[in-house]
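# Descriptive analysis of the structure
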Amino acid sequence: MKIISSIEELRDQMRGQLRTAFVPTMGNLHEGHLSLMRLAKRHGDPVVASIFVNRLQFGPNEDFDKYPRTFAADVEKLEKEGVYVLFAPTEKDLYPEPQEFRIRPPDDLGNTLEGEFRPGFFTGVTTVVMKLFSCVQPRVAVFGKKDYQQLMIIRNMAKQFALPTDIIAAETFRADDGLALSSRNMYLSPEERAEAPRLYRTLTQVAEEVRNGQRNIAALEQEAMAQLRTNGWQPDYISIRKRSNLQMVTEAELVQGEELVVLAAAKLGITRLIDNLEI
Ligand code: PAF
C-alpha cells in the first residue's frame, strides 16, 4: 500500500485510473470501516482510503484535539484489506491556505437533526468530501448508513453538482448486542458499554410500532426519548423522517406507505452516540 500525503503525488499515482473506489475516513479504524473497504472492492478497482481528521467539521466545544489518532494501527489494517493507496494529507497539504470556499448544504437538509445540534458540521463535511473527491477523482465512493444524514447530504451534493462519482451506501456494522460500531464507543465506561445497546433496541421498538400501524409519530418519539432518559441517557432527538429527504412525515404520507427512517442522537455520560434504522 502506498501512503501519500501530497495532492500532487496522489494525482501522479492515480493518473489514468478510471474505476477508483474511495473510502474517506478520519482514522481510528474499526471493523465498520473495514467493511466499507470490502464493499468498495466490490464496486471498483483500485481502492483508495483516506485518513484526515477534518478540523472544519468540529465545533469549538467538540473533540478535535482529543479525537483518537491511531495511524500505525490503521495502516496495518488497511494493508490487510488490500487497499492500494492511503491518502493521508496533513492539514497543510489539504488546506495550504484558509479554506474560504465552502460547500453549504441546503438548510432543510443540513440544519436539521445533527445539523441542529452541531451547527456548521455538514458544511465542514461536504467541503472536505468535495476536496477529497477532487484529489482522488473516484468513480465510486462508499459511505456508511450509520451516518445516515451525512450519506444523504453527500448523495444530494454529488447529484446536484453532477459529480462523476456514484455514492454507495454501506449497511451499519453492529456488535453482537446491536451497538453500532463507532470510534466514540471507546469513550464508554464498562457500565456504559453494557447500557449502550439500548439505543438500537429503542430504535427497533419504534420501527416495530410504526410497522404495526402506530400513527402518532410525535407520541412515539416522545415515549422513546423518555425511556432513554429513565435509563440515564440525555437524548438530543429521536425522530422519524422520510428516507427520501429526511423531512417530517405527514399523516397522509404515512398512510400511503412512505419509506421512513428513525434517527437518534443521545448522550450516555460524556459520549454522544448516534444511530438510525430504516423502517
Ligand atoms: O464520516 C466521517 O468519518 C467523516 O465525516 C468524513 C466523511 C471522512 C469526512 O471527514
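Criteria and cut-off values
Residues numbered from 1 in each chain as written. Predicted model: local features only at pLDDT ≥ 70, side-chain atom pairs only at ≥ 80, totals over all residues. Heavy atoms only, no water. Near = heavy atom within 4 Å. Polar contact = N/O pair within 3.5 Å; in protein donor to acceptor, adjacent residues only side chain to side chain. Helix = DSSP H or I, 4+ residues; strand = E, 2+ residues; numbered from the N terminus. Contact = heavy atoms within 4.5 Å. Pairing = 2+ DSSP bridges. Axes fitted to C-alpha atoms, helices over the stretch in contact; angles between N-to-C directions. Buried < 20%, exposed > 50% of the residue type's maximum accessible area, 1.4 Å probe, protein only. Salt bridge = Lys/Arg side-chain N within 4 Å of Asp/Glu carboxyl O. Phe/Tyr/Trp six-rings, centres within 6.5 Å; stacked < 30°, edge-to-face > 60°. Lys NZ or Arg CZ within 6 Å of the ring centre and 35° of its normal. Core = buried A, V, L, I, M, F, W, Y, C linked by side-chain atoms within 4.5 Å.

## Focus on the site of the ligand
- Within the structure, the ligand sits among P24, T25, M26, N54, Q57, V125, V128, F143 and Q150.
- Contacts to the ligand include Q57, whose side-chain N or O atom sits 2.7 Å from an oxygen atom.
- Between the ligand and the protein, one listed contact pairs an oxygen atom with a side-chain N or O atom of Q150 at 2.8 Å.
- Among the secondary structure elements, those contributing two or more residues to the shell around the ligand are β2 (21-25) and α7 (121-136).

## Topic: the environment of L179
- Within the secondary structure layout, L179 lies in the loop between β6 (166-170) and α9 (190-195).
- Separated by 94 residues in the primary sequence, L179 and L273 have C-alpha atoms spaced 9.7 Å apart.
- Dropping the residues within four chain positions of it, L179 is found in contact with F173, R174, N185, L188, R193, A196 and L273.

## Some remarks on the sheet that holds strand β8 (residues 260-268)
- With antiparallel pairing, three strands are arranged side by side in an open sheet as β7-β8-β9. Lying at the two open borders of the sheet, with one neighbouring strand each, are β7 (233-242) and β9 (271-278). Averaged over all pairs of adjacent strands, the angle between their axes in this sheet comes to 10 degrees, without regard to strand direction.
- Where β7 lies against β8, nine bridges are found, and the strand directions are antiparallel. The residue of β8 that forms the bridge with I238 is A264.

## Points about the side chain of T165
- Within the fold, T165 resides in the loop between α8 (148-160) and β6.
- Taking the relative accessible area as the measure of exposure, T165 reaches 6% and is therefore buried.
- A polar side-chain atom of T165 sits 2.8 Å from the main-chain carbonyl oxygen of P138.
- In contact with T165, not counting residues within four places along its chain, are F133, P138, R139, V140, A141 and A158.

## Section: the sheet that holds β2
- Spatial ordering of the open sheet is given by β1-β4-β3-β2-β5-β6, a layout of six strands whose pairing is parallel. Sheet topology places β1 (2-4) and β6 at the edges, where each strand pairs with a single neighbour. Strand-to-strand, the axes of this sheet are offset by a mean angle of 25 degrees, without reference to chain direction.
- Examined bridge by bridge, β2 and strand β3 (residues 47-51) share five bridges and lie parallel to one another. Opposite F22, over in β3, you have V48 as the bridge partner.

## A look at the pattern of salt bridges
- What the rule picks out here adds up to 20 salt bridges.
- Taken together, the shared-partner salt bridges connect E62, E114, R118, D236 and R272 into one network.

## Some details on the packing of aromatic side chains
- The full count for this structure, using the stated rule, is seven aromatic pairs.
- Taking 5.7 Å as the distance between ring centres and 70 degrees as the angle between the ring planes, the aromatic pair formed by F52 and Y95 counts as edge-to-face. Of the two residues, F52 sits in the loop between β3 and α3 (71-80) while Y95 sits in the loop between α4 (91-94) and α5 (107-110), which places them 43 residues apart along the sequence.
- When its relative accessible area of 6% is taken as the criterion, F52 is described as buried.
- We classify Y95 as buried; its relative accessible area is 13%.
- Arranged with centres 5.4 Å apart and planes meeting at 75 degrees, the rings of F58 and F64 form a pair that is edge-to-face.
- Taking the relative accessible area as the measure of exposure, F64 reaches 9% and is therefore buried.
- Aromatic ring contacts, followed pair by pair, group F22, F133 and F143 into a single cluster.
- Over the ring of F64 we find R69, and its NZ or CZ is 4.9 Å from the ring centre.

## Things to note about the pairing of β8
- With eight of its nine residues buried, β8 lies for the most part within the structure.
- Judged from the eight bridges that link them, β8 and β9 form a sheet pairing that is antiparallel. The residue bridging L263 from the neighbouring strand is N276, located in β9.
- Here β8 folds back onto β9, and the loop between the two strands holds two residues, one of which, G269, carries a positive phi near 65 degrees.

## Topic: the nonpolar core
- Within the largest apolar cluster, 40 residues are counted, with the highest numbers of intra-cluster contacts made by L10, L94, V129, F143, I167 and L246.
- Contributions of two or more residues to this core are made by α1 (7-14), β4 (85-87), α7, β5 (140-144), α8 and β8.
- For this core, the element with the highest residue contribution is α7, accounting for 10 residues.
- Once residues lying within four places of it in the same chain are set aside, the contact partners of F143 are P24, V129, F133, Q150, L151, I154, I167, I168, A169 and A170.
- Within the second largest apolar cluster, 26 residues are counted, among which are L228, I238, L273 and I279.

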